[in-house]
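# Residue-level structural notes
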Amino acid sequence: MKRLMLLLIAAVLPVTLSAQAQIVTKDAKIKDFQEKTTKIVLTGNEFFDSALSEEIRTRWTISPFEFCSLEEFNSLKGSSDYYFLMCVKSRFRKEPEPGIQMLTLIKGGEKADKGLGKMLELVSIPLCSARYPSGREMIFLPALIDIMQEQISHILSSSLSAYSTLSETSGNLYETGGMSIVFSEDDLSEDITDDIRDLYFRDGIAAADESDTDDLMLDNAPDTIVSYTVAPFEPVAGSSYCYKMLIDAGTHELYYFRKHKITKKTGPGFLPEDLMRISSGRR
């Protein structure tokens with residue numbers, strides 16, 4: 001009898017352990033995205049909210065959407081029936097305060113009361129400095145929204161893609177050989193010397209004043225890729241990061257996405273190693 005009981009326990013135990021070890025993967029958690037409503041959370045800044053609302057109405061096609069206030073977000077964030085697109089201030093470890101503002105898509109759920117960091121994130125795109133934004137974020141907002149939707153489509157495409165990052169899914173630089181790449185002077189780090197410019201600023205790669213570069217984005221210039229960087233207004237050496245992007249002004253395809261830590265020796269902006277990678281990627 002005792003032996004029989006042990007055999008029964010042994011037979012039931014693997015089933016019990018299997019049930020306990022079951023893990024719901026990210027792709028399973030987000031497979032309902034296109035069936036659920038995405039709440040676009042307005043910031044309270046009338047100028048930015050007006051621009052965001054207009055671009056969402058014009059461009060957002062990947063899911064049903066509604067606009068909501070921060071108060072409504074706080075009342076709904078615990079529900080898995082909603083996804084939320086919102087501006088989130090991001091602080092890296094050891095930064096005394098948030099340095100960068102992100103455009104972030106997250107899913108509501110039970111862990112929401114423990115903070116935004118506990119909510120399931122689908123994708124985050126750097127938007128601007130958390131303090132004293134330059135205003136360029138308004139010019140690049142349409143492109144960032146399109147890039148976000150393209151990334152969402154990718155992560156929904158398969159179970160493996162659910163964990164993809166923007167750097168992994170950015171476009172192939174080999175396809176840009178016949179296109180122009182224009183860097184804003186303000187997007188280049190102080191390490192870009194005249195010698196480095198002579199080495200890499202050729203074969204369709206150039207630098208221009210920020211206003212001229214932004215005009216290319218505003219005009220949806222064809223076959224033209226422009227630079228966009230996001231870093232804290234007052235970065236903390238050893239803690240803060242700079243994000244660097246190259247975006248097709250006409251199609252809004254993301255061709256380059258990287259970040260680096262800002263140190264006492266390495267400031268914000270595209271570094272020489274970025275120019276080398278970009279230049280060699282076109283050959």
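Residues numbered from 1 in each chain as written. Predicted model: local features only at pLDDT ≥ 70, side-chain atom pairs only at ≥ 80, totals over all residues. Heavy atoms only, no water.

Moving on, we get to the sheet that holds strand β9 (residues 241–248). One open sheet accounts for five strands, arranged β7-β6-β8-β9-β10; its pairing is mixed. In this open sheet, the two edge strands, each paired with only one partner strand, are β7 (205–208) and β10 (254–261). Going across the sheet, the axis of each strand differs from the next one's by a mean of 20 degrees, ignoring polarity. In this fold helix α5 (residues 136–156) packs onto β6 (180–184), β8 (224–230), β9 and β10, with an angle of close to 110 degrees to the strand it touches most, β8. Against the sheet, helix α9 (residues 272–281) engages β6, β7, β9 and β10, with an angle of about 155 degrees to β10. (Pairing = 2+ DSSP bridges. Helix = DSSP H or I, 4+ residues; strand = E, 2+ residues; numbered from the N terminus. Axes fitted to C-alpha atoms, helices over the stretch in contact; angles between N-to-C directions. Contact = heavy atoms within 4.5 Å.)

What follows is about the sheet that holds strand β5 (residues 120–129). One open sheet accounts for five strands, arranged β2-β1-β3-β4-β5; its pairing is mixed. Looking at which strands have only one partner, the edges of the open sheet turn out to be β2 (65–68) and β5. Here the average twist between neighbouring strands, direction ignored, is 25 degrees. Here helix α3 (residues 46–59) sits on the sheet in contact with β1 (37–41), β2, β3 (82–90) and β5, set at roughly 170 degrees to β2. Across the sheet, α5 touches β3, β4 (100–107) and β5, and the angle it forms with β5 is around 160 degrees.

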